[in-house]
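One-letter residues, chain by chain:
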Amino acid sequence: RTHTMALANAFSSLSLAAPSAAGLGFKKSVAAFVSPVARVGVSRVTFVVDAKQNKVARTLQSRTERLRNKMRKSEITTRMKKVFLKAQALKGMDVCTDSDIGELELLISQATKAVDKAVGKGVLHGNTGARRKSRMSKYKQELRRDKGLLVA
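Given the structure is predicted, the values throughout are model-derived calculations rather than measurements. (Residues numbered from 1 in each chain as written. Predicted model: local features only at pLDDT ≥ 70, side-chain atom pairs only at ≥ 80, totals over all residues. Heavy atoms only, no water.)

**Some thoughts on the overall build of the protein**
Worth spelling out the cut-off: A run of H or I in DSSP counts as a helix once it spans at least four residues, and a run of E counts as a strand once it spans at least two, with each numbered from the N terminus. The rule is simple: take the accessible area with a 1.4 Å probe, protein chains only, and divide by the maximum for that residue type; under 20% is buried, over 50% is exposed, in between is partly exposed. Note on contacts: a residue pair qualifies if any of its non-hydrogen atoms lie within 4.5 Å across the two residues. The accessible surface values rely on the Shrake-Rupley method and a 1.4 Å probe; as for residues, cover is taken only from the protein chains in view.
When its secondary structure is counted, the protein shows 6 helices and 0 strands. Beginning at the N terminus, the succession of helices and strands in the protein can be written as α-α-α-α-α-α. The proportion of buried residues among the 152 residues of the protein is 16%. Contacts in the protein between residues at least 24 apart in sequence constitute 64% of all its contacts with a sequence separation of at least 6. Entry remark: accessible area of the protein is about 12,100 Å², with carbon and sulfur atoms responsible for 57%.

**Examining the packing of aromatic side chains**
Here is the rule we go by: Put simply, two rings from Phe, Tyr or Trp (the six-membered ring, in Trp's case) pair if the centres are within 6.5 Å, and we call them stacked under 30 degrees between planes, edge-to-face over 60, tilted for the rest.
This structure, assessed with the given rule, holds 1 aromatic pair. Judged by centre distance (4.5 Å) and plane angle (40 degrees), the rings of Phe84 and Tyr139 are tilted. Note that Phe84 is positioned in helix α4 (residues 51–92) and Tyr139 in helix α6 (residues 126–147), a separation of 55 residues in sequence.

**Side note on the confidence of the model for the protein**
Under the convention used in this document: A residue's pLDDT is the confidence the predictor assigns to it, expressed on a 0 to 100 scale.
Scored by pLDDT, the protein has a mean of 80; 66% of the residues are at 70 or more. For the protein, helix α3 (residues 36–40) is the element with the lowest average pLDDT, namely 44, and helix α5 (residues 98–121) is the one with the highest, namely 95. Across residues 34–41, confidence stays below pLDDT 50; counting only partners more than four residues off in sequence or on other chains, it has 2 contacts.

**Quick look at α6**
Selection criterion: Each helix should span, by expectation, one fewer than its residue count multiplied by 1.5 Å. Taken from the helix axis, the directions to the C-beta atoms give the arc we talk about.
With 22 residues, α6 extends 32 Å between its outermost C-alpha atoms, agreeing within 8% with the 32 Å of an ideal straight helix rising 1.5 Å per residue. Those residues of α6 that sit buried are Thr128, Gly129, Met136, Lys140 and Leu143. In a view along the axis of α6, the buried residues occupy a sector of 125 degrees, so they form one face of it. In α6, the exposed positions angled more than 90 degrees off the buried face are occupied by Asn127, Arg131, Arg145 and Asp146. Just past α6, the residue Gly148 takes up positive phi, approximately 75 degrees.

**A closer look at the packing of α4 against α6**
Stated precisely, the cut-off is as follows: Axis lines are fitted to C-alpha atoms, over the contacting stretch for helices. Their N-to-C directions set the angle, which ranges from 0 to 180 degrees. The cut-offs work like this: below 35 degrees is roughly parallel, past 145 is roughly antiparallel, 65 to 115 is roughly perpendicular, and the gaps in between are oblique. Three residue categories are used. Nonpolar comprises Ala, Val, Leu, Ile, Met, Phe, Trp, Tyr, Cys and Pro, charged comprises Asp, Glu, Lys and Arg, and polar comprises the others, including Gly.
Put simply, α4 and α6 touch, their axes get as near as 10 Å, and they point 10 degrees apart. Here α6 runs roughly parallel to α4, going by the angle between their axes. Across from Ile76, Met80, Val83, Phe84, Ala87, Gln88, Leu90 and Lys91 in α4, the residues of α6 making contact are Arg132, Arg135, Met136, Tyr139, Glu142, Leu143, Asp146 and Lys147. Partitioning the contact of α4 with α6 into residue classes produces 9 nonpolar, 1 polar and 6 charged.

**So, the pattern of salt bridges**
Put simply, the rule reads: Here, a salt bridge means any Lys or Arg side-chain nitrogen found within 4 Å of an Asp or Glu carboxyl oxygen.
Under the criterion given, the structure shown has 7 salt bridges. Where Glu75 meets Arg79, a salt bridge forms, and the shortest distance between an N and an O atom there is 3.3 Å. Within this pair, Glu75 and its partner Arg79 are both found in helix α4, separated by 4 residues, close to a single helical turn. Note that Glu142 is salt-bridged to Lys91, the shortest N-O span being 4.0 Å. Note that Glu142 is positioned in helix α6 and Lys91 in helix α4, a separation of 51 residues in sequence. Each of the salt bridges in this network shares a partner with another, and the network as a whole consists of Lys91, Glu142 and Asp146.

**A short note on the environment of Gly126**
Mapping Gly126 onto the fold places it in helix α6. Residues Gly126 and Val115, spaced 11 residues apart in sequence, show a C-alpha to C-alpha distance of 9.4 Å.

**With respect to empty space enclosed by the protein**
Let me state the cut-off plainly: Only protein atoms enter the 1 Å grid used here. Points where a 1.4 Å probe fits but cannot escape make up a cavity, open sets with protein on both sides within 12 Å along at least five of seven lines make up a pocket, and a residue lines them when an atom lies within 4 Å of a point. Grid points are joined across faces, edges and corners, and a volume is the space filled by probe spheres set on the points.
Overall, the coordinates contain 1 cavity of 30 Å³ or more when judged by the stated rule. Considering the residues around the largest cavity, the lining is formed by Arg72, Glu75, Ile76, Ala114, Lys117 and Ala118. Every element with two or more residues in the lining of the largest cavity is listed here: α4 and α5. Tallied by class, residues from the lining of the largest cavity come to 3 nonpolar, no polar and 3 charged.

Shown next as structure tokens:
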């Protein structure tokens, strides 16, 4: 019986009514229910990043990404140009052998590798990469057809 009286006296000072939280946010209104000792036990680390710092970091990041993307696109353009120039040179020749076509296929495989890498990194859209690879293989097929090297 004395224990129940002690408990009743201990809880008599508590109120279930909401604190006057007019204009307070959720955290502050909840904090009114929690004793300061209970709030000290919570260990939370917060980092405050100024908008200016974030803006500067993002600018540097986007600049390096843009340069990398430009480098990849330039590599693709250069490799495709080599393929087209080699195909034009072989088209102008009177006699074209399989070894000449092999050199062209090596250039095409290098260009295809560069295109696939760019598509994988998100520099080029997938359809753009497929279109460029198709264009190179079309040049090779036309060359084989013109020189009579197309094997069915």
